[in-house]
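Here's the letter readout for the chains.
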Amino acid sequence: MDKMPDLVDRTAVARNRVRAEPDALFLQEAVADELQERLIEVNRTFKSIAIVTGFPDFWAARYPDTTIVADDDTLALEPAAHDLILHCMCLHWANDPVGQLVQCRHALKSDGLLLCAFLGGQTLHELRASLAEAEAAITGGLSPRIAPMGEIRDLGGLLQRAGFALPVADSAPLTASYANAFHLMHDLRKMGENNALTDRIKHPTRRNVLTEAASIYTASFSNEDGRVNATFEIITLTGWAPSDTQQQPLRPGSATARLADALGTTETPLDRSKD
């Protein structure tokens, strides 16, 4: 069977990250703070931590005593070597996200924890809509500009497909404001998060397309301060390597108490006579 073409140009991803500037990594900062809060809530001491990331210097500074691994297609992780893996802000650039999660599971010890944070489907929906409307009006067509990111309703299933126990997926929007769309696009370049799709146009975008997109953006997504909003949706996946010591779901029909009794209410049978 022929290999499916890659959605993401990994060479372009690496090039974009090299151009990133440390003072523009506010998304990495926000995710690092959020993951730290979650680890405090877990209330467990982790002794062997690995971090999968495209920004090794940033994460090594936050977690100095860890194994830092590049988010290559094949992760440099040893089997059953870690009790905690943080997969940080790079799954949205993976051509095989399930494969990334499977590799993380194999690298975890029994009952080890994975926390995976990345950008979700609502990210930059304002910019996506503005560029699409402007390009369609001026050129009569559309070109790939923003990576199609996963939706929260689908992403929990990735953990189950990868073999994790107790899977949880949640989403948190982060809103940033900019003077205009041009400032946003400039900031995306400084973050190392600009377009790296394989089928992206390889020549500069026409100036009138960008100008029209900026005008549409301002008209549609301005805030009360006269600036424009940009949404970054942070998805966090939490999963545990299977272990016999973990809580197990009860067999269907094995309950010994009624929900109505627990809630202190009267159960009313469903009347199907009129169906």
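Residues numbered from 1 in each chain as written. Predicted model: local features only at pLDDT ≥ 70, side-chain atom pairs only at ≥ 80, totals over all residues. Heavy atoms only, no water.

Draft legend 1. Region of the structure containing the pattern of salt bridges. Summed over the entire model, instances satisfying the criterion amount to nine salt bridges. Among the ionic pairs, Asp 33 bridges to Arg 62, the shortest N-O distance being 2.8 Å. Of the two residues, Asp 33 is situated in helix H2 (residues 26–42) and Arg 62 in helix H3 (residues 56–62); the sequence distance between them amounts to 29 residues. Overall, the relative accessible area of 41% leaves Asp 33 in the partly exposed class. Residues participating in the shared-partner salt-bridge network are Arg 10, Arg 17 and Asp 71. (Salt bridge = Lys/Arg side-chain N within 4 Å of Asp/Glu carboxyl O. Helix = DSSP H or I, 4+ residues; strand = E, 2+ residues; numbered from the N terminus. Buried < 20%, exposed > 50% of the residue type's maximum accessible area, 1.4 Å probe, protein only.)

Draft legend 2. Region of the structure containing the pairing of strand S4 (residues 108–119). Burial of S4 is extensive: 10 of the 12 residues sit out of reach of the surface. Inspection of the sheet shows strand S3 (residues 82–88) paired to S4 by six bridges, in the parallel sense. Of the residues in S4, the one forming a bridge with His 87 is Cys 116. Crossover handedness for the path S3 to helix H4 (residues 97–107) to S4: right-handed. Bridge count for S4 against strand S6 (residues 228–240) is seven bridges, and the pairing is antiparallel. Of the residues in S6, the one forming a bridge with Leu 115 is Thr 238. (Pairing = 2+ DSSP bridges. Right-handed = clockwise from strand over helix to strand, strands pointing away.)

Draft legend 3. Spatial organisation of the packing of aromatic side chains. Throughout the structure, instances matching the rule amount to four aromatic pairs. With a centroid separation of 5.3 Å and 80 degrees between ring planes, the pair formed by Phe 58 and Trp 59 is classed as edge-to-face. When the centroid spacing of 5.4 Å and the interplanar angle of 70 degrees are considered together, the rings of Tyr 217 and Phe 221 count as edge-to-face. Of the two residues, Tyr 217 and Phe 221 are both situated in helix H8 (residues 207–221); the distance of four residues between them amounts to about one turn of the helix. Exposure remark for Phe 221: the relative accessible area of 23% places this residue in the partly exposed category. Cluster of aromatic residues (ring-pair linked, three or more members): Phe 58, Trp 59 and Tyr 63. (Phe/Tyr/Trp six-rings, centres within 6.5 Å; stacked < 30°, edge-to-face > 60°.)

Draft legend 4. Quick look at the side chain of Glu 233. Mapped onto the fold, Glu 233 is located in strand S6. Among buried Asp, Glu, Lys and Arg side chains, Glu 233 stands out as unpaired, with Arg 128 the closest opposite charge at 8.6 Å. Within the structure, Glu 233 has its side chain in polar contact with the backbone nitrogen of Gly 121 (distance 3.1 Å). A distance of 2.9 Å separates a polar atom in the side chain of Glu 233 from the backbone nitrogen of Gln 122. Leave out the neighbours within four places in its chain, and Glu 233 touches Phe 118, Leu 119, Gly 120, Gly 121, Gln 122, Thr 123, Ser 171, Ala 172 and Pro 173. (Lys, Arg positive; Asp, Glu negative; His and termini not counted. Polar contact = N/O pair within 3.5 Å; in protein donor to acceptor, adjacent residues only side chain to side chain. Contact = heavy atoms within 4.5 Å.)

Draft legend 5. Just the environment of Pro 5, in detail. Among the secondary structure elements, Pro 5 is positioned in the segment before helix H1 (10–18). Classification of Pro 5 as exposed rests on a relative accessible area of 69%. As for Pro 5 and Asn 95, which are separated by 90 residues in sequence, their C-alpha atoms are 9.2 Å apart.

Draft legend 6. View of the sheet that holds S6. Spatially, six strands are ordered S2-S1-S3-S4-S6-S5 in an open sheet, and the strand pairing comes out mixed. Single-partner strands in this sheet number two, and they are strand S2 (67–70) and strand S5 (165–178). Sheet twist, expressed as the mean angle between neighbouring strand axes with direction ignored, is 15 degrees. Where strand S1 (residues 49–53) meets S3, five bridges bridge the pair, whose relative direction is parallel. Residue pairing for S3: Ile 51 is matched across the bridge by Leu 86. Running at roughly 145 degrees to S4, H2 makes contact with S3, S4, S5 and S6 of the sheet. (Axes fitted to C-alpha atoms, helices over the stretch in contact; angles between N-to-C directions.)

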